[in-house]
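So the chains spell out like this:
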Amino acid sequence: MELRINQKTYQVEADADTPLLWVIRDDLGLTGTKYGCGLAQCGACSVLVDGNVVRSCVTPVAGVVGREITTIEAIEDDEVGKRVVATWVEHQVAQCGYCQSGQVMAATALLKHTPAPSKAQIDAAMINLCRCGTYNAIHAAVDALAKQESV
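Bear in mind that the values here come from a model prediction, so they are computed numbers and not experimental data.

*Asks:* Can you walk me through the nonpolar core in this structure?
*Replies:* Counting 22 residues, the largest nonpolar core has Ile75, Val84, Trp88, Val104, Met126 and Val142 as its most contacted members. It is helix α3 (residues 100-113) that provides the largest number of residues to this core, a total of 7 residues. Apart from residues lying up to four places away in sequence, Val104 is in contact with Ile72, Ile75, Val84, Val85 and Trp88. Within the second largest apolar cluster, 14 residues are counted, among which are Ile5, Leu20, Val23 and Val54.

*Asks:* Would you explain the pattern of salt bridges in this entry?
*Replies:* Charged atoms that come close allow side chains of opposite charge to pair. The final tally for this structure, using the stated rule, is 5 salt bridges. Here Arg4 makes a salt bridge to Glu68, at a shortest N to O gap of 3.4 Å. With Arg4 in strand β1 (residues 2-5) and Glu68 in strand β5 (residues 68-70), this pair connects stretches of sequence that are 64 residues apart. The shortest N-O distance in the salt bridge between Lys119 and Asp123 comes to 3.0 Å. Taken together, the residues span about one helical turn, with Lys119 and Asp123 both in helix α4 (residues 119-125) at a distance of 4 residues.

*Asks:* Where do I start with the packing of helix α2 (residues 79-90) against helix α5 (residues 135-146) in this structure?
*Replies:* When two helices pack together, their arrangement is given by the angle between the helix axes and the distance between those axes. Across the interface, α2 lies against α5 with an axial gap of 9 Å and an inter-helix angle of 130°. One element, α2, and the other, α5, form an angle in the oblique class. Note on packing geometry: the crossing formed by α2 with α5 is right-handed. Seen from α2, the contacting residues are Arg83, Val84, Thr87 and Trp88; seen from α5, they are Ile138, Ala141, Val142, Ala144 and Leu145. A per-class count over the contact of α2 with α5 returns 7 nonpolar, 1 polar and 1 charged.

Rules and cut-offs
Residues numbered from 1 in each chain as written. Predicted model: local features only at pLDDT ≥ 70, side-chain atom pairs only at ≥ 80, totals over all residues. Heavy atoms only, no water. Core = buried A, V, L, I, M, F, W, Y, C linked by side-chain atoms within 4.5 Å. Buried < 20%, exposed > 50% of the residue type's maximum accessible area, 1.4 Å probe, protein only. Helix = DSSP H or I, 4+ residues; strand = E, 2+ residues; numbered from the N terminus. Contact = heavy atoms within 4.5 Å. Salt bridge = Lys/Arg side-chain N within 4 Å of Asp/Glu carboxyl O. Axes fitted to C-alpha atoms, helices over the stretch in contact; angles between N-to-C directions. Parallel < 35°, antiparallel > 145°, perpendicular 65-115°, else oblique. Left-handed = near helix turned anticlockwise from the far one by under 90°. Nonpolar A, V, L, I, M, F, W, Y, C, P; charged D, E, K, R; others polar.

Below is the structure:
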């Protein structure tokens, strides 16, 4: 099966129903995308597929053949992703950091689709779980980006 991940083409051998997360992490060694709950609830496994947030722990690899997949490893190759990461640092969002790759992916997708989201749109898009409770910092960073107050 041929996958396009981070602007590179990979030939992978996996069952069609293998979750994309396991191909990314185990077969390709891209470990920035995290396993959280395995039920598409927490968002730690979030990646972008054709610019949209997808929970890779429940996405069958066969469903993303021929699509553009972006993981946290390449998010700074995107101008919006680069701004998100810089603002995350500026606002000191991460605490333990485990969920942050998924948070960055969700914020990047939101801002690519809606460059100046309202508070309600931010609340609706930023639903990934954070066990450290950095929600205020996450929302402040996305709000700053929405207002273009940041880098």
